[in-house]
Amino acid sequence: MGGGSRPIPNARCAQVQFALIVPTMKDRAQQALHLLALGPVVETTADKNSYGFRQQRSCADAIEQCFKVLRSANTQWILEGDIKSCFDKISHDWLLAHVPMDRVILQKWLKSGYMEKHVLHESMDGTPQGGIISPALANCALDGLERLLREKYPAGKRLKSLGGEKPCVNLVRYADDFVITSKSKELLEGEIKPLVEHFLQERGLELSPTKTVITHVEHGFDFLGQNVRRYPNGKLLIKPSKKNVKTFLDGIRRTIKAAHGVSAADLIDQLNPKIRGWANYHRHVVSKHTFGHVDCNIFSSLWQWARRRHPNKSSRWFKPKYFDRRGNRDWSFFGETCDDEGRPNKVWLYYAKSTPIKRHVKVKGEANPYDPTYETYFEEREGAHMLETFRGVRTLRYLWYEQRGLCTQCNTKITRITGWRLHYCIPRVMGGSTGATNCVLLHPECHDRVHRQRVPVSKPRLL
């Protein structure tokens, strides 16, 4: 480590037309080590309403902040900002002058270059895409814009240029995508946009002229896969964007069309994670109607898939073979498989509309996961998120409560980030039951070690 570290240029794919620099394992390990020290500093100095590449923050927080700042009738105009080639163009000189870490090491990472067709190319600007530390460096460069806007347009300050009205200037940023709100289009065009351009120019960056536009909230705009719009009745509604829905359905159709010789059960195994993941992403906004539209399109694709598999069979024949009643839904797509003991079992397609809509509780802007003051706050949020993760799976929820959210092997927290595995204390092959009395939750690595080293596991004692 230290001054003796020399990053190794890595090969890049000849088919790719931009420098996708993937650090070697040695460099990744060293970047991860430095990030342990840089992360708390970046988190402490970050803008309150920056949500990308930060711990305990998500797209849902950014979307909820958009709702909070746009629900007022005074906020009417939005600057949709997109930074052109953000990771590729960040100034090395600015990073070396402002990032609080070992500058010798940082310079070596930034100047390591890349290999193409056995030729070493220099990297004159930008951060290595694929580097562990690159997101933190990008946030270092972009943080400060919100503070700059707050200093020039304090909350509650009235401007003479707006006839004594409040400017309603707010920034919401996720990585290199951001929106800035204002009461006036002229204020965005004449003052705020030049201010942003100057801020970025100091860092070697610029706004994308094609993607940076000023829009009225009644016309709506897309942000992070959602469409934000104030409708004629005065209501501000956030829905999945048409582009996002189209991209998702195109991917589902490709999966179904590619499943020529695949059984219905295997096809469901491919589709369910995609449908559930997409629906969970949009479950915090006005999505119920969109979910129904998506389910209808998936049903049509599956119907065509069934007819292609059995071109000589009638609809009456393959309807009971692939579709059956489940609950109040008559045409539920299913497949047949066998469990571990050889008994026949039905697996069902997950329907997006079955995902409950629930308003997201935004993280506090000033909350810092490295500050002991907020330790309890983040523990409560993580507990609520875990219960949402275990929604509909009562056994997992019960086990997580029973273990107080701790892994029984290492006695540390089980979270969405760490992941978990369900382990049977008495193996199934030795007659162990599948009930909660014979199950525990373990971290994936603890679970692997238990099986590899044959470590006995017992239920935790209830105090």
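Model, not experiment: these values are computed from the prediction.

## Remarks on the side chain of histidine 423
Turning to step 1, where the next piece is worked out: Within the fold, histidine 423 resides in strand 13 (residues 421-424).
Turning to step 2, where the next piece is worked out: For histidine 423, the contacting residues outside a window of four places in its chain are Asn438, Cys439, Val440, Leu442, His447, Val450, His451 and Val457.

## Description of the packing of aromatic side chains
Turning to step 1, where the next piece is worked out: Summed over the entire model, instances satisfying the criterion amount to 18 aromatic pairs.
Turning to step 2, where the next piece is worked out: For the pair tryptophan 305 and tyrosine 322, a centre-to-centre distance of 5.5 Å together with 70° between the ring planes defines the contact as edge-to-face. On the criterion of sequence distance, the pair formed by tryptophan 305 in helix 11 (residues 288-309) and tyrosine 322 in helix 12 (residues 315-322) is long-range, its members being 17 residues apart. Of the two residues, tryptophan 305 and tyrosine 322, both sit in the buried class.
Turning to step 3, where the next piece is worked out: Through a chain of ring-to-ring contacts, three or more aromatic side chains come together here, namely Phe299, Trp303, Trp305, Phe318, Tyr322, Phe323, Trp331 and Phe333.
Turning to step 4, where the next piece is worked out: Here the basic side chain of arginine 329 rests over the ring of tyrosine 351, its NZ or CZ set 3.7 Å away from the ring centre.

## A short note on the sheet that holds strand 12 (residues 344-348)
Turning to step 1, where the next piece is worked out: If you trace the three strands from one edge of the open sheet to the other, you get 10-11-12, paired in antiparallel fashion. Two strands bound the open sheet, and with one partner strand each, they are strand 10 (323-326) and strand 12. In this sheet, neighbouring strand axes are inclined to one another by 60° on average, regardless of whether the strands run parallel or antiparallel.
Turning to step 2, where the next piece is worked out: As paired elements, strand 10 and strand 11 (residues 329-338) share three bridges and run antiparallel to each other. Paired with aspartate 324 across the bridge in strand 11 is serine 332.
Turning to step 3, where the next piece is worked out: Sitting on the sheet, helix 10 (residues 264-282) touches strand 11 and strand 12, and the angle it makes with strand 11 is about 110°.

## Things to note about the environment of valine 285
Turning to step 1, where the next piece is worked out: Tracing the backbone through its elements, the reader meets valine 285 in the loop between helix 10 and helix 11.
Turning to step 2, where the next piece is worked out: With relative accessibility at 9%, the residue valine 285 sits in the buried group.
Turning to step 3, where the next piece is worked out: Along the chain, valine 285 and alanine 60 lie 225 residues apart, while their C-alpha atoms are 9.0 Å from each other.
Turning to step 4, where the next piece is worked out: For valine 285, the residues in contact, after removing those within four places along its chain, are Ile63, Gln226, Ile238, Lys239, Pro240 and Ile357.

## Considering the side chain of histidine 284
Turning to step 1, where the next piece is worked out: Inspection of the secondary structure assignment puts histidine 284 in the loop between helix 10 and helix 11.
Turning to step 2, where the next piece is worked out: Among the polar contacts made by the side chain of histidine 284, one reaches the main-chain carbonyl oxygen of lysine 358 at a distance of 2.8 Å.
Turning to step 3, where the next piece is worked out: When sequence neighbours within four positions are dropped, the list of residues in contact with histidine 284 reads Ala60, Lys358, Arg359 and His360.

## Things to note about the environment of leucine 271
Turning to step 1, where the next piece is worked out: Tracing the sequence through the fold places leucine 271 in helix 10.
Turning to step 2, where the next piece is worked out: By relative accessible area, which is 0% here, leucine 271 ends up buried.
Turning to step 3, where the next piece is worked out: Here the alpha-carbon distance between leucine 271 and serine 301, two residues 30 residues apart in the chain, equals 12 Å.
Turning to step 4, where the next piece is worked out: Residue contacts for leucine 271: discarding those within four places in its chain leaves Ile252, Thr255, Ile256, Leu302 and Leu349.

## Quick notes on helix 5 (residues 103-110)
Turning to step 1, where the next piece is worked out: Residues of helix 5 that are buried include every one of Ile105, Leu106, Trp109 and Leu110, and no others. Here the buried residues of helix 5 occupy an arc of 130° about the axis, which is enough to place them on one side.
Turning to step 2, where the next piece is worked out: Tucked into the core, helix 5 has its buried residues touching helix 1 (25-45), helix 4 (92-98) and helix 6 (134-142).
Turning to step 3, where the next piece is worked out: Its side-chain oxygen 3.0 Å from the backbone nitrogen of valine 104, aspartate 102 forms the N-cap of helix 5.

The rules behind the values
- Residues numbered from 1 in each chain as written.
- Predicted model: local features only at pLDDT ≥ 70, side-chain atom pairs only at ≥ 80, totals over all residues.
- Heavy atoms only, no water.
- Helix = DSSP H or I, 4+ residues; strand = E, 2+ residues; numbered from the N terminus.
- Contact = heavy atoms within 4.5 Å.
- Phe/Tyr/Trp six-rings, centres within 6.5 Å; stacked < 30°, edge-to-face > 60°.
- Buried < 20%, exposed > 50% of the residue type's maximum accessible area, 1.4 Å probe, protein only.
- Lys NZ or Arg CZ within 6 Å of the ring centre and 35° of its normal.
- Pairing = 2+ DSSP bridges.
- Axes fitted to C-alpha atoms, helices over the stretch in contact; angles between N-to-C directions.
- Polar contact = N/O pair within 3.5 Å; in protein donor to acceptor, adjacent residues only side chain to side chain.
- Arc of directions from axis to C-beta.

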